[in-house]
Structure formats: structure tokens, C-alpha cells
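Summary of the model geometry
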Number of protein chains: 2
Amino acid sequence: MDAANDAYGDLEGRFRRIANVQGALAVLHWDSAVNMPSGGAAARADQISTLSLTAHELITAPRMADLLDAAEANAQAGDDPWVQANLAEMRRLWRHASAVPARLVEAMSKAAHESEMVWREARAANDWASLQPRIETLLALVREQAAAKAEAFGLDPYDALLDEYEPGGRAARIDVLFADLETYLPELLGRVLDAQGRRGEARLPAGPFPIAAQRGLCEQLMQALGFDAAHGRLDISHHPFTGGVPDDVRITTRYTEDDFARSLMGTIHETGHALYERGLPMAWRNQPVGNARGMVLHESQSLLMEMQACRSPEFITFAAPLMRAAFAGEGADWQADNLLRLYQRVSPGLIRVDADEVTYPSHVILRYGLERRLVAGDMAVADLPDAWRQGMKRLLGVTVADDADGVMQDVHWPSGAFGYFPTYTLGAIAAAQLFAAAKAANPGLLPAIAKGDFAPLLAWVRTHVHSQGSLGTTDEILTRATGAPLGVAAYKAHLEARYLG
Amino acid sequence: MDAANDAYGDLEGRFRRIANVQGALAVLHWDSAVNMPSGGAAARADQISTLSLTAHELITAPRMADLLDAAEANAQAGDDPWVQANLAEMRRLWRHASAVPARLVEAMSKAAHESEMVWREARAANDWASLQPRIETLLALVREQAAAKAEAFGLDPYDALLDEYEPGGRAARIDVLFADLETYLPELLGRVLDAQGRRGEARLPAGPFPIAAQRGLCEQLMQALGFDAAHGRLDISHHPFTGGVPDDVRITTRYTEDDFARSLMGTIHETGHALYERGLPMAWRNQPVGNARGMVLHESQSLLMEMQACRSPEFITFAAPLMRAAFAGEGADWQADNLLRLYQRVSPGLIRVDADEVTYPSHVILRYGLERRLVAGDMAVADLPDAWRQGMKRLLGVTVADDADGVMQDVHWPSGAFGYFPTYTLGAIAAAQLFAAAKAANPGLLPAIAKGDFAPLLAWVRTHVHSQGSLGTTDEILTRATGAPLGVAAYKAHLEARYLG
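Residues numbered from 1 in each chain as written. Chains lettered and ligands numbered in written order. Predicted model: local features only at pLDDT ≥ 70, side-chain atom pairs only at ≥ 80, totals over all residues. Heavy atoms only, no water.

**Quick word on helix α12 (residues 313-327) of chain B**
Residue and element names in this part refer to chain B. For the record, the criterion: Under the scheme used here, helices are H or I runs from DSSP no shorter than 4 residues and strands are E runs no shorter than 2 residues, and both carry numbers assigned from the N terminus. Any helix carries an expected span of 1.5 Å times its number of residues minus one. One axis fitted to the seven residues ending at a residue, another fitted to the seven starting there: the angle between these axes is the bend at that residue. Throughout, exposure labels follow a simple rule: accessible area from a 1.4 Å probe, protein chains only, divided by the maximum for the residue type, with under 20% read as buried, over 50% as exposed, and the rest as partly exposed. A contact between two residues is defined here by any heavy atoms of the two lying within 4.5 Å.
Under the 1.5 Å per step criterion, the end-to-end length of α12 is 20 Å for 15 residues, consistent within 8% with the ideal 21 Å. The sharpest bend along α12 comes to roughly 35°, located at Ala319, with the proline Pro321 sitting one to four residues further on. Those residues of α12 not exposed but buried are Phe315, Ile316, Phe318, Ala319, Ala320, Met323 and Phe327. Where α12 is buried, its residues meet α9 (211-225), α10 (261-279), α11 (295-309), α13 (336-343) and α17 (445-450). Of the residues flanking the end of α12, it is Ala328, one or two places downstream, whose phi is positive at about 50°.

Below, the structure written as C-alpha cells:
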């Protein structure tokens, strides 16, 4: 029993140290995107590489296997469930790290960095030919990594990659959910576009929209949603993201003077991520069980805010006067009915990050199908551009004019992230399920939002999602919160109510 | 020979990794002062503590003693002097690190960070009582560290601390230089104030001075001095400083709308530091010999710009039209003769960072005397505020109204930096000596500055100081550059020429 405590206590100390190194890495990554002058890139790459190596060495230290064995051997059925879950997460993280030899970690990191650099130029120049060999090199290493992890976890290679982003996520489950949506969505889209046609056109109010005013409005809405300025910041970066650590969450957005809706909804999306991080259990800061459960619940929290709460008529009731005040807006384009049509507009397009919630899943389903075949070795990288064109035609009826707005639009594959894409749509499904449960538990929730009061919504997700950390699987957390594991019923009901109602 | 190469090569790899951890720490420190919300302080303290421990473990790794012994045993008289100096620096850094147990390093880092956070509030609230126990805790750790290093180096404890900031610096040498100034300066000050009275009053042009305009002017002058925006940034912090790494130098300043001279000269000061960092030898990036020699030469580079070059009539000739343009300044107050009087105004005051170059050394001499007694255990922290008041009265004839503008004005002690203060005045002495040598070598140097051309000055310091890194001691670098080791002759000559001439 003492030995057990010693081993587990030793592990807690080691994982605390690893978390601090990862926290430092999060600041370096944020700074790279927000502040760093171009001439600092080489030094920063060296710093990041050194700290990544340090974290890897700490988690794969020779003593770790014995400590995990000893702590597990001495675990009791009656132990604190948080301690049990923490130990299980420690084992999972150790398995991921120790499955892959240091040589492969380094080769992956180098190939991913080089490929991402080439991607930036290649996308701008619409030059797939220069990117293809980089993706081929990287994919070979990803497949090697997937095989090593598949062996260590006893999983299919794709599932072994997926498990890094969504612990416990399995392709067999995703196949069922996505097959359902693949049949359902095209038929829905037709009906949605018909209904939208009858409802009248959404008009973007005339700009320009000064960036200082956009920023002020973003900060106002962040605060309304519950973002605590003593524990985070809003800055500008080329690709919006949420970084930092739970008690100092750094979110970013980007502004263009000809549109304010994009920065606003982008900021609300990142605020949803930030609230999750900040609401993780205080008692388990810097321990694995204190981390966000995975990318599905993470995306559910951003989409709960962006799509469920903040494209509702109630939100527009609250926000329309603020928008008018920020931009001195007058006339019909600034009325709530037009703004609601604007925020709920559906339109099949080429670009995933610009997609509405009806067409977004098709972008994900395309990528998921392609990356599964790539990882399985059933498809050559050279065949990607054509497969992309065919998929976009089939799923969304749109014609891909060039690879820059086709297969090269996302950073994920060029940066080595295979197995990440499905979490976007799984997160959208989870968001609908959680929001439905929150509304059922508190019928005053949406009326409160109409008054700018997000406290009831925040209280519900704090209790049922944020404070749960990694105590249980995504399905276990969803079941405790909503009575059921992940399923598409609430998502379909939401789309039909919003877009056909 | 092969073994020697192996040992030395191994050491270079290890010190490169240490430098990367220290580079990451520099970013974390900069972020703490510039961006971090208050609620992030505890997490940041943990990150900094973990990385400090990592750096300490790397430098005190069990293999290091053997590697240093082997590399030294195999060194040849004919080896590249940079390699010899690099190895000597490695040994010095190893001695500093291995003298102190890891437990103490971690405790120091955490206590210093927490004390600095308390200082920020305490200074603002003029609340010495809340700061005093933090300083007591920290000083106890500093004295423990000083004793351990004194033992390892065979030095007096204060010298052992000083050696971290100024390698080879010794209190016995400082005592002689400071005793000279302590006799010389009060008598000089009287004559300077007389001469100043005869010269007519310096009038601060009427404000307010918009912060955006101040910032624009700061950036204009940074660029003129040679600061490369692709390799650094200017931001705002409460206590101006230079941080980051040589290829990404982060400098800060602070603005008030009622005065522009302060932000401007502060920015020029930090630009001098930044130019030194950026000019360190490219071939030795991330190696000990590639570091700045010490804080005396570092301060000499900031004061060379701020005091020697940029309070000269030639600089005012160049800068006065820019100042008028920035603030739409008109009339006699904006003419070069008044601005020169303003920039050369001597006035005994309470605040070190606002002091002119005639009274500045007295601020340092006070702090040096107090910190020597604190480190020796001859004085209690509780007695500091009164001793401060008495010292300011005796040395400068000024009355300290409150502790915020007295003993709490500087971040040094609250952040654990004891042994640092004397380097400011030693740097001022070195700056005068270097500037005199640069002018003698290039009589066109000051006329070029009158045209806004700092290239001749920058070329001289790049060659004679920056590019020298840590190749030799401060005195060796000064002797190569000026023909003599550090001495007060040029400093006295400079003060007399400028203020009595």
C-alpha cells in the first residue's frame, strides 16, 4: 500500500513536470503565431524541438514502466475514481510515447515541419506537384508510426492514430455515424435550400467595419459568454486557434474590414474552446485526468457556443443592438431578421472552414474517407487531387477549380495530422446532443441568452462537461450528461428545427 | 585527439540544448512581463521553475565532470582560441551550476517569481509590509546560494554572486572605483548645478504627447540606430528590459502622455542592449562563448547609445526635427538648444531609472552598499527602508517620501538579483571609455550621427565589442578595444566636458 502510494505519487510528480514542459511549449507556439518576427523562426524551431525532446524523454524514462506496473498492481477497487482514471490516462500516454522509437519521432517532426513549409508556398502557387513528394514522405512515416502504435495498442492502424486525438475513438463507430449522415444530408440540403429561398435573401450590411470596433465587440461578447480576462487574452493570428494553459488561455482571431461576422463567430468558437480549458477541474491541474477528454468534446464546446447558442434567434436578439452600436449600423440590413438570415445562411462551397453547419459534415466525410485509404495503403498520394474533385462533386455538387481550394486547403495532412478530421463532425453531433440536454434541464436557458445572460448555459456545461476532465470516456461523459452515448438524433432534430422550421 | 574531439563535441551538443531551454525561458519571462494576465502567474511560475530545473539538470548531469576533464586534458596550446574560450566558459558555468543543489535552484526560482508578483502589487500600493517577508524568504535562499558558490569558487559570497552577472568581477575592485566616484561626484555635482544655472532653464515642451506618436518616434529611432525589425520587437512593460534571444530580441518601454523624453531615451537604452545581443558572433550562437561577456559590457552598450551618443548635440541636431514632426511641435521649446538642455538636465531625484548620468552612480553606490551588508548578514531586511532614506539623504540630499519611490522602486531584489546593481555604474564607466576610443578611431563618427547615420558607431562596436562574445574577460575586451582596462579617466573627462564645458 505504501509502495503503491510511492509509485503513484512519483508518477504524479513526473506528469506534473511533463505538463509544465507542455505548458511552456504552448506559450512558445502561441508566441510563434502571434508575436514572433520572421527572423526568429530558426531559433524558435530549435527551442520547440528541444522542449519536445525533453517531454518525450520524461515520459519514456526507464523508471516509468516499473512505476506504472507498481501503481497498477497496488490499485484497489475502492480507490478514488479520479486517481484510477489518472493512472489509466498515464498508462495511455506512456503507451503512445513509448510505442514509437525516438528516431521515428525525430524523423516525423522534421518531415512534418518541412512539408508544412512547402505547403505554405505550394498552396499559394496552386502547385500540387511540389507538395506531393513531401506528403508521400510524410505519409510513409505516419504509416510506420501507425503500425508501431497499432502493435502496442492491439488496434487497427487508423484507430491507433485517431486515439491520440480522440481517446477510445474507433473508425467502426465513425463509419456507422457518417454513413447515416451521408444518406441524410444531401436530401436535407435540398429541402434547406428550398426553405431558404422562400425566406428571402440575407444581406451583408455595408462596410467597412473598423478593426478596433470589431475587436471591441468580440471582447464584449467573450465577456458575456463567461471568458475571464484575468485568465486569458484575445490576439490576432493568421489561423485562429486556442492555446496557452487552463489558467491562461490564449485565443486568436483575424479581422478583415469588409466582414465582421467571420471574426465575431470565429472568436465565439475559440471562446467555447477556452471556456472548456478554463473549466477543467482545478484539483487536477497538470495531471493527465485533468486534461480535456479529447478533440470530440473540445470541438463540441466550441460548436455549442458558435453554432448552437450563437446562431439562435435569442442570441441575435441580444447581439443585434450591440452590432449596430459597434458599427453605427442603421436600416433594414441591421435588423435582427436580416442578421439571423445572415448567420444561418446555407451555401455549398469549396472551403471547409467557411462552411455552414449543414454542408460542413460533407467536407469532413470526404477527408475521413480519403485519409483512411491513405493510412491503409489502399490509395496513392498521387491520386488525391482527382479523388478530391470527384468527392466534392458527389457530396456537395460543387466543382473544384484548382488544388489550392481543393486538396491543398487544409494544413492537417501537410503537418502530419491524420486521424484528426472526423473529430470536427463528431464534435458537432455532440454539441447538438449536449445543447438539447441543457435546454431540457433548464427551459430558461435560451430566454436568458436573449438577455445576454449565458450563466445558465455555462453552469450546465461546467458541471456536466468541463469539470469532468478525463474522468471516463467521451461516451461515458456524454451518457452522464445527456442520458445517451454519442448519436445523431439531436443533431438531425437541431438541423431540421433551425433550417426547415 | 579523437577522444578530445568527442568530449568537446559532446559538450557543444549539451550546451546547445541548454541554450535552447534558456531561450525558451527568455520567452516565458518576456511574456510574463508583456502579455500574461494576472491569473496566469501561478502556472507560469511552475513552467519557469520546471525549465530552470531542466537546464540545471542538463548542466549538472553526471557525465559533465568527466567530459570537461577529458576535453581540458586533450586541449592543445594551438587550438582555436574560440574553442579554448568556449571550453573555459563551459567550466565556469558548470561550476556555478554544480555548486548549488537542485532543490535550492527550484526553491529560488519559485520564490523569486512569487516575490516579483507580490512586488508589482506592493509597489503600486506603497505596501512594504506585504513585500518584506517575501524578500526575507528570498534573501535567505540567496545567502544559501552565495555560501555554496563561495565554497566552490573560493571567493567571498558577494563576489560569488557578482561573478554570475559579471564574470571575474570582484568587490575589492569595485570598492576602489566607487570610493573614487563617491569623493569626486558630490563636488562635481555642485559645479554642474552652478553651470546649469548659468545656462538657463530647460523647458519641457507642452504635452500631451499621444502614445501612438511616441511609439512611432521610438520605432523610427530604433531603426536609425540599427535595430532590425525582422529580428525583434518593441512592446510595453512596467519595467523596461531587453529579453528574448539574439535573433529575436524583445525590448520594452513604457509611455506616459505627459512626457516623451522618458520613453524615447528608455527605448534607445534598450536598443543598445538589443544591438549587442544581435551582434554576438553568429558562428557561436547557442554556445557559452557566443554569449554577451557580462553585464558591465552589456550596460556599456545601452549607455553608449543612451548617454554617450544620444544626449550629444549631434544627436539632438538629427532628432529635434523628428520630434517636432511627431508631436506637431512649434516654438522655442522645440528648438535644438532647449531640447539639448532638456536631455542634459542634471537634477538629484528619488528614482534611479530617471536619474541623469551625474547623479546615477549615487543611486548605485547606495544599493551596492546595502546589498553587500544584506548578503554578508550584517543587516536585516526590516531595516532596509530606513537605511534607504538615510542613504538618499546623505548621497543625494533628497528626502524619500514613501517606500514605493524608495526601497521598492526596483525589481532587482524582489526578483532575487543581488550582485547586479554595481554593473550599471561600471557599465557607464566602460561606455565613456569605449565611446572615446571609437571617436578617436573615427573622427567622422559624431558628424555622421548629426545626419542620423549611426553606421560608423555601430560598425566600431560590432567589431570591437559585439562580435567578441565571451572571448576573454571584460578587461581583455576593453584593452583590445581601447588600449586599457576599465578605469574612470574617460568617464570623468566625459562628464566634465559635457556638463562644465
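**Considering the relation of the copies chain A and chain B**
The cut-off we apply is this: The fit set for superposing copies consists of C-alpha atoms from residues with pLDDT of at least 70 in both; the fit itself is least squares.
Overlaying chain A with chain B gives an RMSD of 1.0 Å, the required rotation being 175° about an axis along which the chain moves by 0.5 Å. Taken together, the rotation angle and the small translation identify this as a two-fold axis.

**As for the interface of chain A and chain B**
Definition in use: The quantity reported as buried area is the accessible area (1.4 Å probe) lost by two parts once they are put together, taken as the sum for both. We define a salt bridge as a side-chain nitrogen of Lys or Arg found within 4 Å of a carboxyl oxygen belonging to Asp or Glu. Polar contact is defined as a pair of N or O atoms within 3.5 Å, subject to the rule that within protein one atom must be able to donate a hydrogen and the other to accept it, and that residues adjacent in sequence are counted only when both atoms are side-chain atoms. Each residue gets one label: Ala, Val, Leu, Ile, Met, Phe, Trp, Tyr, Cys and Pro are nonpolar, Asp, Glu, Lys and Arg are charged, and the others, such as Gly, are polar.
Contacts between chain A and chain B engage 35 residues on the former and 35 residues on the latter. Taking both sides of the interface into account, the surface hidden between chain A and chain B amounts to around 2,600 Å²; carbon and sulfur atoms contribute 55%. Joining chain A to chain B, the criterion identifies six salt bridges. Between Glu57(B) and Arg17(A) there is a salt bridge, with the nearest N and O atoms lying 2.9 Å from each other. For the interface between chain A and chain B, the tally reads 14 residue pairs in polar contact (both at pLDDT 80 or more). For the side of chain A that touches chain B, the secondary-structure elements that each account for two or more residues are α1 (2-34), α2 (41-59), β1 (232-236) and β3 (248-253) of chain A. When residues in the side of chain A that touches chain B are grouped by element, the largest group, 10 residues, is from α1(A). Here the residues of the side of chain A that touches chain B are counted per class, giving 14 nonpolar, 12 polar and nine charged.

**Side note on the sheet that holds strand β1 (residues 232-236) of chain B**
Residue and element names in this part refer to chain B. Using the following cut-off: The criterion for strand pairing is that DSSP finds at least two bridges linking the strands in question. Axis angles are defined between N-to-C directions and span 0 to 180 degrees, where every axis is a line fitted to C-alpha atoms and, for a helix, only to the segment in contact.
Reading across from one edge, β1-β3-β2 is the order of the three strands in this open sheet, with mixed pairing throughout. Looking at which strands have only one partner, the edges of the open sheet turn out to be β1 and β2 (242-245). Looking at each pair of strands side by side, their axes are set apart by 20° on average, direction ignored. Two strands pair when backbone bridges link them, and β1 and strand β3 (residues 248-253) are joined in this way by five bridges, in the parallel orientation. Counterpart to Ile236 in the pairing with β3 is Thr253. Set on the sheet, α9 makes contact with β1 and β3; between it and β1 the angle comes to about 150°. α10 rests against β1, β2 and β3 of the sheet, and its axis sits at about 165° to β3.

**Overview of the pairing of β3(B)**
Residue and element names in this part refer to chain B. Of all six residues in β3, six are buried, a share of seventy percent or more. Neither face of β3 is left uncovered, since the one carrying Asp248, Arg250 and Thr252 and the one carrying Val249, Ile251 and Thr253 both have all their residues buried. Of the pairings in the sheet, the one linking β2 to β3 comprises four bridges and is antiparallel in character. Bridge pairing links Gly243 to Arg250 in β3. Taking the residues that link successive antiparallel strands as the turn, the β2-β3 hairpin has two residues.

**Examining the confidence of the model for chain A**
Using the following cut-off: For every residue, the predictor states its confidence as a pLDDT score lying anywhere from 0 to 100.
For chain A, mean pLDDT is 96; residues scoring 70 or higher make up 99% of the total. Interface predicted TM-score (ipTM) for the complex: 0.94; the corresponding pTM is 0.94.

**A look at the packing of aromatic side chains**
Spelled out, the test is: Pairing of aromatic side chains here covers Phe, Tyr and the six-membered ring of Trp, requires ring centres within 6.5 Å, and sorts the geometry by plane angle: under 30 degrees stacked, over 60 edge-to-face, intermediate tilted. Each ring is checked for a lysine NZ or an arginine CZ that lies within 6 Å of its centre and within 35 degrees of its normal; such an atom marks a charge sitting over the ring.
According to the stated counting rule, one finds 38 aromatic pairs over all chains in the structure shown. With centroids separated by 6.5 Å and ring planes inclined at 65°, the aromatic side chains of Phe318(A) and Phe454(A) adopt a geometry described as edge-to-face. Pair noted here: Phe318(A) is in helix α12 (residues 313-327) and Phe454(A) is in the loop between α17 (445-450) and α18 (455-464), with a separation of 136 residues, a long-range link. Geometrically, the ring pair formed by Trp413(B) and Phe421(B) is edge-to-face, given 5.7 Å between the ring centres and 85° between the ring planes. Take Trp413(B): its relative accessible area is 5%, and that puts it in the buried class. Assessed through its relative accessible area of 1%, Phe421(B) is described here as buried. Among the aromatic residues, those joined into a ring-pair cluster are Tyr165(A), Tyr360(A), Trp388(A), Trp413(A), Phe418(A), Tyr420(A), Phe421(A) and Tyr424(A). The cationic tip of Arg250(B) hangs over the ring face of Trp30(B); the distance from NZ or CZ to the ring centre is 4.5 Å. A cation over a ring is seen here: Arg352(B) above Tyr424(B), with NZ or CZ 4.6 Å from the ring centre.

**Some details on the environment of Leu68(A)**
Residue and element names in this part refer to chain A. Position of Leu68 among the secondary structure elements: in helix α3 (residues 63-73). By relative accessible area, which is 0% here, Leu68 ends up buried. Not counting the four nearest positions on each side in its chain, Leu68 is found in contact with Leu11, Leu87, Met90, Arg91 and Trp94.

**So, helix α3 (residues 63-73) of chain B**
Cut-off, in case you're wondering: Within this analysis, the arc is defined by the directions that extend from the helix axis to the C-beta atoms.
Of the positions making up α3(B), those classed as buried are Met64(B), Leu67(B), Leu68(B) and Ala71(B). For α3(B), the angular spread of buried residues about the axis comes to 100°, placing them on one side.

**Brief notes about the pattern of salt bridges**
Counted under the stated rule, the structure contains 71 salt bridges over all chains. Note that Arg170(B) is salt-bridged to Asp163(B), the shortest N-O span being 3.4 Å. By relative accessible area, Arg170(B) is classed as partly exposed at 30%. On the basis of relative accessible area, Asp163(B) is assigned to the buried category, the value being 4%. Bridged by salt links that share partners, the residues Glu89(A), Arg92(A), Asp163(A), Arg170(A) and Arg293(A) form one connected network.

**What to know about the packing of helix α4 (residues 81-99) of chain A against helix α6 (residues 128-153) of chain A**
Residues and elements named next belong to chain A. Just so we agree on the cut-off: An angle below 35 degrees is treated as roughly parallel, one above 145 as roughly antiparallel, one from 65 to 115 as roughly perpendicular, and anything else as oblique. By convention, the crossing between two helices is left-handed when the near helix turns anticlockwise from the far helix through less than a right angle, and right-handed when the turn is clockwise.
Axis separation between α4 and α6 bottoms out at 9 Å; the angle between their running directions is 135°. The angle between α4 and α6 places the two elements in the oblique class. In this structure, the crossing between α4 and α6 has a hand that is right-handed. Between α4 and α6, the residues in contact are Arg92, Arg95, His96 and Ala99 and Ala148, Lys149, Ala152 and Phe153, respectively. Residues that form the contact of α4 with α6 fall into these classes: four nonpolar, one polar and three charged.

**Here's the deal with unusual backbone geometry**
Residues and elements named next belong to chain A. A cis amide bond links Gly207 with the next residue in sequence, Pro208, at an omega value of -5°. Relative to the elements of secondary structure, Pro208 occurs in the loop between α8 (171-199) and α9 (211-225). We note that Asn126 has phi near 55°; this positive angle belongs to a residue other than glycine. Residue placement: Asn126 occurs in the loop between α5 (102-125) and α6. Since its relative accessible area comes to 34%, Asn126 is described here as partly exposed.

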